[in-house]
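Structural overview for review
Chain by chain, the residues run as shown.
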Amino acid sequence: MFDVIAFDADDTLWHNETLYTIAQDSFTQLLSRYRAADEIEEELFKTEMRNLRYYGYGIKSFTLSMIETAIEISEGRIQGHEIRQIIGFARDMLNAPLQLLEGVEEVIRTLSEAHRLMIITKGDLFDQGSKLARSGLADYFTHVEVVSDKAEETYRALLARHDIHPGRFLMVGNSVKSDILPVVALGGQAVYIPYHTTWVHEVVANPHPEPQGYFELEHIGLLPALVERLNDQSVSHTSRIPR
Ligand SMILES: [Mg+2]
C-alpha cells in the first residue's frame with residue numbers, strides 16, 4: 001500500500017528536545033541575577049521566533065538566539081566568560097551521546113524489509129547528518145531530506161521530486177504541526193507518536209480535529225502492526241472490486 005514510509009528524526013527516532021530543556025535550564029540559571037526564569041524563557045522564545053527566518057532550526061541558531069537574548073536581558077552587561085559558558089551549553093548539546101527512542105532500531109529494521117524508508121527532518125544539515133551517522137540506522141533509509149521548514153508546500157515539492165503519490169505515502173512523527181497536518185492536507189497518511197515534551201513552537205491549539213484523519217500511537221513499537229493492518233485493508237479493499 002505504501003511506496004514510502006517517512007520518519008521525522010528528532011524526538012521520533014532519537015531524543016532531542018530534552019537537550020534543549022537542559023541547555024535552557026542552564027541558560028536561565030546563568031541569567032538569574034537579571035530576570036526570573038519564566039521571563040528569560042519567554043524572551044528567548046521570542047528571539048528564536050524572530051530569528052527563524054534568518055537562521056532556521058537547530059542548535060547553531062539556538063546558540064545565536066541565547067547569546068542575543070543574554071545581551072538584551074543584561075542590557076549589554078553580560079561578560080565574555082558568560083558568553084563562553086553559553087557556547088559551552090551548545091557544545092554540550094552537540095556532543096551529547098545520541099540516544100535512540102526505545103524500540104526504534106527493531107521497528108526500522110522490520111519495516112525496511114518491505115518498504116522504502118525516508119527521513120524528513122528540519123534542523124542543521126551538519127548536525128542531523130552527524131546524528132544519523134551515529135544512530136547506526138543510516139543504511140535502512142533510501143533518502144534523507146534535511147529541510148528548512150515542514151510546510152505543506154515542502155512536502156508537495158518533496159513528493160513530486162521523488163515521484164511519490166500522496167495516497168501511497170505515510171509520514172511518522174511527533175509534531176502534529178510539522179509531521180502530520182501538512183501531510184494529511186496533501187492526501188497522505190500520517191501517524192502521530194507524541195514525545196513527552198513538545199517545543200512550544202510545534203504545539204497546535206487543537207491537535208485532535210474531528211475527524212482526525214491521522215493515526216495516533218503511544219509508542220513506535222506499535223507501528224509495524226498498524227502498517228500491516230493498513231496493508232491488509234488495502235488488499236481486502238482491492239478484493240472487493242467486482243471482476
Ligand atoms: Mg520531531
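Quick note: structure is the one above.
A few points on the structure. (Residues numbered from 1 in each chain as written. Predicted model: local features only at pLDDT ≥ 70, side-chain atom pairs only at ≥ 80, totals over all residues. Heavy atoms only, no water.)

Here we come to the coordination of the magnesium ion. Each protein donor to the magnesium ion is listed here as Asp 8 (OD), Asp 10 (O) and Asn 174 (OD1); together their distances run 2.1 to 2.2 Å. Counting gaps between the donor residues of the magnesium ion yields the pattern D-x1-D-x163-N. Of this pair, Asp 8 sits in the loop between strand 1 (4–7) and helix 1 (17–30) while Asn 174 sits in the loop between strand 4 (169–173) and helix 8 (176–185); the two residues are 166 residues apart in sequence, bridging distant segments of the chain. (Donors = N, O, S within 2.8 Å, 3.2 Å for Na, K, Ca; no water. Helix = DSSP H or I, 4+ residues; strand = E, 2+ residues; numbered from the N terminus.)

The next thing to look at is the sheet that holds strand 1. Across the sheet, which stays open at both edges, the 6 strands sit in the order 3-2-1-4-5-6 with parallel pairing between neighbours. Whereas interior strands pair on both sides, the edge strands pair on one side only; in this sheet they are strand 3 (143–147) and strand 6 (215–216). Of the pairings in the sheet, the one linking strand 4 to strand 5 (residues 189–192) comprises 4 bridges and is parallel in character. Note on strand 5: the bridge partner recorded for Gly 173 is Tyr 192. (Pairing = 2+ DSSP bridges.)

Another point: the environment of Leu 222. Relative to the elements of secondary structure, Leu 222 occurs in the loop between strand 6 and helix 9 (223–239). On the basis of relative accessible area, Leu 222 is assigned to the partly exposed category, the value being 38%. (Buried < 20%, exposed > 50% of the residue type's maximum accessible area, 1.4 Å probe, protein only.)

Attention now goes to the pairing of strand 5. Side chains on a regular strand alternate between the two faces of the sheet. Handedness of the strand 4-helix 8-strand 5 crossover: right-handed. As paired elements, strand 5 and strand 6 share 2 bridges and run parallel to each other. Among the inter-strand pairings, Val 191 is bridged to a residue of strand 6, identified as Phe 215. (Right-handed = clockwise from strand over helix to strand, strands pointing away.)

Where helix 2 (residues 37–55) contacts helix 3 (residues 59–73), the two axes come as close as 9 Å, and the packing angle between them is 130°. The angle between helix 2 and helix 3 falls in the class oblique. In this structure, helix 2 crosses over helix 3, and the sense of that crossing is right-handed. Along its contact with helix 2, which presents Ile 40, Glu 43, Leu 44, Thr 47, Glu 48, Arg 50, Asn 51 and Tyr 55, the element helix 3 presents Ser 61, Phe 62, Leu 64, Ser 65, Met 66, Glu 68, Thr 69 and Ile 73. Partitioned by chemical class, the residues of the contact of helix 2 with helix 3 number 7 nonpolar, 5 polar and 4 charged. (Axes fitted to C-alpha atoms, helices over the stretch in contact; angles between N-to-C directions. Parallel < 35°, antiparallel > 145°, perpendicular 65-115°, else oblique. Left-handed = near helix turned anticlockwise from the far one by under 90°. Contact = heavy atoms within 4.5 Å. Nonpolar A, V, L, I, M, F, W, Y, C, P; charged D, E, K, R; others polar.)

Following the sequence through the fold, Asn 51 ends up in helix 2. With relative accessibility at 5%, the residue Asn 51 sits in the buried group. Considered as a pair, Asn 51 and Ser 65 are 14 residues apart in the sequence and their alpha carbons are 7.2 Å apart. With residues near it in sequence (within four places) discarded, Asn 51 still touches Gly 56, Ser 65 and Glu 68.

Of note, Glu 75 is a non-glycine position whose phi angle comes to about 50°, a positive value. By the secondary structure assignment, Glu 75 is in the loop between helix 3 and helix 4 (80–95). Judged by its relative accessible area of 65%, Glu 75 falls in the exposed class. Unlike most non-glycine residues, Asp 163 shows phi in positive territory, near 60°. Tracing the chain through its elements places Asp 163 in the loop between helix 7 (152–161) and strand 4. Residue class for Asp 163 comes out exposed when judged on its relative accessible area of 71%.

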